[in-house]
Amino acid sequence: MKKCLVRISLMVSLLLFIGFVSESFFRVEVQAVSTGKFPVKNLTFSLTSVDEMPVSTKSEDKITVIIFGRIRGCSNTTTAVNNFSKSGLAEMDNVRVIFADVLGSECDQVSGFAQAYSKDIIFCYDINTSANHQFKDTIVKAWNQYMDLGEVNGGFPLTVLIDGNDMVQDMQTGAGGAATIISEAKELAGASGDNIDDNGVTSLEVRGTANYEYVKQVVTLVNEERAKKNLSALTLDKTLLDYAMQRAAEISWNYDRVGHKRPDGNSFSTVWEQSRGATRMSENIAMGYSTPKGVMSAWVSSTGHYANIMDSEVTSIGVGCFKAADGYLYWVQLFDNVNANEPSVSGTQSITKTISILKSYIDDSEGDTGTSAGEDIGNPIPPETSNSSETTGEKETTDENNTQSESISNVKGVKVTTSKTKSVTLSWKKVSGAEGYLVYQYNNSKKKWNQIATTSKVSYTVKSLTSGTSYRFAVKAYLTDKNDKQVKSESYVSVKTSTIPDTVTFKVTAKKKEAAVSWSKINGATGYIVYYKTSAADPWKKLKSTTGKSYIKKGLKSGKKYYFTVQAYRKYNGKTYISSLSKQKSVTIK
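About the criteria used
Residue numbering note: each chain is counted from 1, following its sequence as written. Where totals are concerned, whole chains, interfaces and linings use all residues; where local detail is concerned, this predicted model gives features only for residues with pLDDT of at least 70, and gives and counts side-chain atom pairs only at 80 or more. Computation of side-chain values covers all heavy atoms of the structure but excludes hydrogens and water. Strand pairing is assigned whenever DSSP identifies at least 2 bridges connecting the two strands. Secondary structure follows DSSP: runs of H or I at least 4 residues long count as helices, runs of E at least 2 residues long count as strands, and numbering of each begins at the N terminus. By convention a nonpolar core is built from buried Ala, Val, Leu, Ile, Met, Phe, Trp, Tyr and Cys residues, the set being connected through side-chain atoms within 4.5 Å. For every residue, the accessible area (1.4 Å probe, protein chains only) is compared with the maximum for its type, and the residue is labelled buried under 20%, exposed over 50%, or partly exposed between those bounds. When checking whether two residues touch, look at their non-hydrogen atoms; a contact exists if any pair is within 4.5 Å. Expected helix span is computed as 1.5 Å times (number of residues minus one). Lines are fitted to the C-alpha atoms to define the axes, a helix being fitted only along its stretch in contact, and any angle between axes, read from their N-to-C directions, falls within 0 to 180 degrees.

A. Up close: the sheet that holds strand 6 (residues 122-125). Read from one edge of the open sheet, eight strands run 1-8-7-4-5-6-2-3, paired in mixed fashion. Bordering the open sheet on either side are strand 1 (40-41) and strand 3 (54-56), each of which pairs with just one other strand.

Have a look at this one:
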């Protein structure tokens, strides 16, 4: 088993790095770890919940469990949080369960992850990890110091058990370690029990959204492809549809680990009940594609997937399209030769699927880093199984119909390097043979790309933009062919971004033992953060994140001077764009 070669620094500024490295940066040991040095005095940190409430790690009168995990790309974290949710510990009056996301995800991302679990678990995120490093307490810092306290080398999730006297009783890593903490916490709280059966299989409830409109579109696209070869159309089958949704939920647990096996270690084909009587069964899977057209294009481009789609001996199809808590869509096609019973489905529906997982999969899931959206997991294996690949991340590809005697590769690595109030700087990787690059901006009202610049460099700054506004840009490479005609790369490779909101103009008024802070609305801002400090040289302390335009800080000392500032932020496409801090203002309290 591979051990972690990289330890995240205590410096909170390293959070900037987390947003740009691949998930393999977190390849860590995942078996349970406990040093045996406990009990030991607890550490105290002030975290922030998704409800924007302060959450102290200090444990007084209640048993506290803290789960340091990752909401994306970590099936061990998902398993651990799910098991805590099912355990009933968070609902007990004398127990508090806290989940702290180490990835530095935005509040709305952590809130979305939390929707699948017990409402009594307190979910926390790191406020402004990407722009402000002056905050004393952050989740990453807490995670590092708890690892130092327990002499733990790494692993996700890290689960800490603290008794009502503020003493750390145990610390474990991995999903298996979290299960140990559950048992220990129940014993402390006067409860017992676990959900591992005698065969080493545990059950897990996976919650997500089934998209039946996408299911029907995939079936239509399959039959359009089959018609090109004069093959009979396949019919969506109710039972195969249920099987496919089950499989989609299963691969969402850990796409790399599961693949065409089921989480209980059996072949994908065991999802079929013997009573169905199928004698020919096949499966295609994929993840990360945002549309039916996108996933079908990838399947059709792969020999193994295409063979399953074009199999002349199958008559029925089931399609799974499952949006999991990580925000990705997981896709499954199942084919067999049983006469179909068509279902009546439409729209989207929240569903819960119970999956069975080998305990060894949980404990030995090497690295537990997950798979990037659309990442290939191997070679197609026709006719029974096959798999998929796709470009990932912010690179959203829109195909054009070009017929050219010469061609040039699509641009890769398009990203935003700098966002300001009035400008955005783009960069991308050099394309071999390119004479230059064409920069485009998307017109939302006309639904078309407009060329805005030509450059020979691998970066470009788009200026004269509006602050606090969303934009979409794309880049193509070009060359001049032997007929003196411009040849462009086939596809737009685009990135969505936003400009930063303007700096907030605010005022502060002294009142009796309190200060009233107010400001004007900033274009495009989705919220505001108020800070204060007691000395001009001190670091800023966050008071409140709010969507309003005022805040009153109470409990201040009469005759003492306090300093305030306000910052606007804008949330767009999973990122937060933060304005500069306003010029500080001081006030002496009455």
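So that's the structure; there's more coming.
B. Focus on the nonpolar core. Counting residues in each nonpolar core, the largest one holds 49 residues, and the members touching the most others are Val215, Trp272, Trp331 and Leu334. Elements that contribute at least two residues to this core include exactly strand 9 (201-211), helix 6 (212-227), helix 7 (238-253), strand 11 (281-287), helix 9 (292-300), strand 12 (316-323), strand 13 (329-336) and strand 14 (348-358). Not counting residues within four places of it along the chain, the set of residues in contact with Val215 comprises Leu236, Leu241, Met245, Val319 and Cys321. Grouped together as the second largest cluster of nonpolar side chains are 28 residues, Val81, Phe113, Ala116 and Leu161 included.

C. How the structure looks around helix 2 (residues 75-87). A rise of 1.5 Å per residue sets the reference length of helix 2, with its 13 residues, at 18 Å; its end C-alpha atoms lie 18 Å apart and thus fit the reference within 8%. Burial analysis of helix 2 places eleven of its 13 residues in the buried class, the great majority of the element. Within the span of helix 2, buried status applies to Ser75, Asn76, Thr77, Thr79, Ala80, Val81, Asn82, Asn83, Phe84, Ser85 and Ser87. Remark: Gly88 follows helix 2 within two positions and exhibits a positive phi of approximately 80°.

D. Here's a closer look at the environment of Leu89. With respect to the helices and strands, the residue Leu89 is situated in the loop between helix 2 and strand 5 (95-101). Under the relative-accessibility criterion, Leu89 is labelled buried at 0%. Separated by 24 residues in sequence, Leu89 and Val65 place their C-alpha atoms 9.4 Å apart. Setting aside residues no more than four positions away along its own chain, Leu89 makes contact with Phe84, Val95, Val97, Ile182, Ala185 and Lys186.

E. Quick look at the sheet that holds strand 17 (residues 415-419). Here we have three strands laid out as an open sheet, ordered 17-18-21, and antiparallel in their pairing. Looking at which strands have only one partner, the edges of the open sheet turn out to be strand 17 and strand 21 (459-462). Across this sheet, the average inter-strand angle for adjacent strands is 25°, counted without regard to direction. Relative to strand 21, strand 18 (residues 424-427) runs antiparallel, the two being bridged by four bridges. Across the sheet, the residue bridging to Thr425 is Thr461, located in strand 21.

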